[in-house]
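Understanding the architecture of this molecule
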Amino acid sequence: EQPSILPNVRYKRMDAMDLDLPAESMDVVVSFENIEHLPAPERFLRGAAQILRSDGLLIISTPKVPQPNHAPANPFHRIEWSLDDFNALLARYFGYTEAYGQSKGGTSAWVQVLGKTLGPIKNLIPRSWATPLLRRVGSVPCEDASMDDWAVARSKLCDNCVMVFVCSEPLKPF
């Protein structure tokens, strides 16, 4: 458990596959770009729905791809979802889901210029080369980014962005 400057806020880091908290004890569960790494995403979602209060929220993000992919190019991802497939997965555990897109300033330029050109080998580009390339195509490297460089909005659901879902009305029991 991590300390907070707010008296009614607690941060707790734990195994996403074993959310060891009492049922209906949490107001919010946040999982940013984690679910695509899990061996059993459904287990995490079931656990999140169980620990959330009836008016609780799950805020979750994952990369968006055009078609579900069970063998992604990213060796650390076990699965990647399309918008419709991820929404359908979430709807099995939550009565209400709302999708947003997250984009970083210039990211679309990076994807269009280097991503489509180089495909999966873009991850092999040395960092010393990548940062100047990112700057050249108008993208801000993550280490130089501020909150002003990121946008989350319904209108940001582009082909190569991160999906951010706000889910409520956890469905119980399973």
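From a predicted model like this one, the values you see are computed outputs, not experimental measurements. Sequence order sets the numbering: in each chain, residues are counted from 1 along the sequence as written. Only residues with pLDDT of at least 70 are given local features in this predicted model, and only at 80 or more are side-chain atom pairs given and counted; all residues enter the totals for whole chains, interfaces and linings. By convention in this description, side-chain values take in all heavy atoms of the structure and omit both hydrogens and water.

Below, the discussion takes up the pairing of strand S1 (residues 26–32). Across 6 bridges, the pairing between S1 and strand S2 (residues 52–63) is parallel. Bridging across to S2, phenylalanine 32 finds its partner in serine 61. Handedness is read with the strands pointing away from the viewer; a crossover is right-handed when the path from the first strand over the helix to the second is clockwise. The way it works is that DSSP assigns letters per residue, a run of H or I at least four long becomes a helix, a run of E at least two long becomes a strand, and they are numbered from the N terminus. Handedness of the β-α-β unit built from S1, helix H1 (residues 41–51) and S2 comes out right-handed. By this definition, two strands are paired if DSSP reports at least two bridges between them.

On to the packing of aromatic side chains. The aromatic pairing rule takes the rings of Phe, Tyr and Trp, using the six-membered ring of Trp, and pairs them if the centres are within 6.5 Å, calling planes under 30 degrees apart stacked, those over 60 edge-to-face and the rest tilted. Overall, the coordinates contain 2 aromatic pairs when judged by the stated rule. Ring plane angle 45° and centroid distance 5.0 Å describe the contact between tryptophan 81 and phenylalanine 86, whose orientation is recorded as tilted. We note that tryptophan 81, like phenylalanine 86, is buried. Aromatic pair phenylalanine 86 and phenylalanine 165: ring centres 5.5 Å apart, planes at 70°, arrangement edge-to-face. Here the residue phenylalanine 86 occupies a position in helix H2 (residues 83–91), and phenylalanine 165 occupies one in strand S5 (residues 162–170), the gap between them amounting to 79 residues. Accessible area is worked out with a 1.4 Å probe on protein chains only. A residue is then buried under 20% of its type maximum, exposed over 50%, and partly exposed in between. The buried category is assigned to phenylalanine 86, whose relative accessible area is 0%.

A positive phi angle, close to 55°, is found at glutamate 24, a residue other than glycine. By the secondary structure assignment, glutamate 24 is in the segment before S1. Notably, glutamate 169 is not glycine yet its phi reads approximately 55°, a positive angle. Relative to the helices and strands, glutamate 169 resides in strand S5.

On to a nonpolar patch on the surface. Nonpolar side chains (Val, Leu, Ile, Met, Phe, Trp, Tyr) are joined into patches within 5 Å and like charges within 9 Å, using only residues with over 30% relative accessible area and no salt bridge. Accessible surface area values rest on a Shrake-Rupley calculation with a 1.4 Å probe, where residue burial reflects the displayed protein chains alone. One side-chain nitrogen of Lys or Arg within 4 Å of one carboxyl oxygen of Asp or Glu is enough to make a salt bridge. A surface patch of nonpolar side chains, about 340 Å² in accessible area, is lined by Val28, Val30, Phe32 and Leu57. The greatest single-element share of the nonpolar patch, amounting to 3 residues, is contributed by S1.

With that settled, the discussion passes to H2. Listing the buried residues of H2 in full gives Phe86, Leu89 and Leu90. Each buried residue of H2 lies within a common arc of 95° when the element is viewed along its axis, so the set occupies one face. Arc definition: directions from the helix axis to the C-beta atoms.

Along the chain, the position of glutamine 67 falls in the loop between S2 and H2. We classify glutamine 67 as exposed; its relative accessible area is 58%. Along the primary structure glutamine 67 and tryptophan 81 are separated by 14 residues, whereas in three dimensions their C-alpha atoms are 6.6 Å apart. In this analysis, two residues are considered to be in contact whenever any of their non-hydrogen atoms come within 4.5 Å of each other. When sequence neighbours within four positions are dropped, the list of residues in contact with glutamine 67 reads Glu80 and Ser82.

On a range of 0 to 100, pLDDT expresses the predictor's confidence in each residue. A residue-level look at the chain finds 64% of positions with pLDDT of 70 or above and a mean pLDDT of 79. Overall, residues 106–119 carries pLDDT values under 50, and its contacts beyond four positions in sequence, including any with other chains, amount to 18 contacts.

The next thing to look at is the layout of surface pockets. A cavity, in this analysis, means grid points on a 1 Å lattice covering only the protein atoms where a 1.4 Å probe fits yet has no way out; a pocket is instead an open set bounded by protein on both sides within 12 Å along at least five of seven lines, and a residue lines either one if it has an atom within 4 Å of a point. Grid points are joined across faces, edges and corners, and a volume is the space filled by probe spheres set on the points. In this structure, the second largest pocket encloses a volume near 670 Å³. Looking at the second largest pocket, it is lined by 23 residues, and the ones nearest its centre are Arg10, Lys12, Met26, Val28 and Val29. When contributions to the lining of the second largest pocket are tallied by element, the ones reaching two or more residues are S1 and H1. Think of it as three bins: nonpolar holds Ala, Val, Leu, Ile, Met, Phe, Trp, Tyr, Cys and Pro, charged holds Asp, Glu, Lys and Arg, and polar takes everything else, Gly as well. Its residues assigned to classes, the lining of the second largest pocket comprises 13 nonpolar, 5 polar and 5 charged.

If you look at the biggest cluster of nonpolar residues, it comprises 27 residues, and the most contacted ones within it are Phe44, Leu45, Leu58, Ile60 and Phe86. Among the secondary structure elements, those contributing two or more residues to this core are S1, H1, S2, H2, strand S3 (94–104) and S5. The leading source of residues in this core is H1, at 5 residues. Dropping the residues within four chain positions of it, phenylalanine 86 is found in contact with Ile35, Ile60, Thr62, Trp81, Met163 and Phe165. What is meant by a nonpolar core is a set of buried Ala, Val, Leu, Ile, Met, Phe, Trp, Tyr and Cys residues, joined one to another through side-chain atoms within 4.5 Å.

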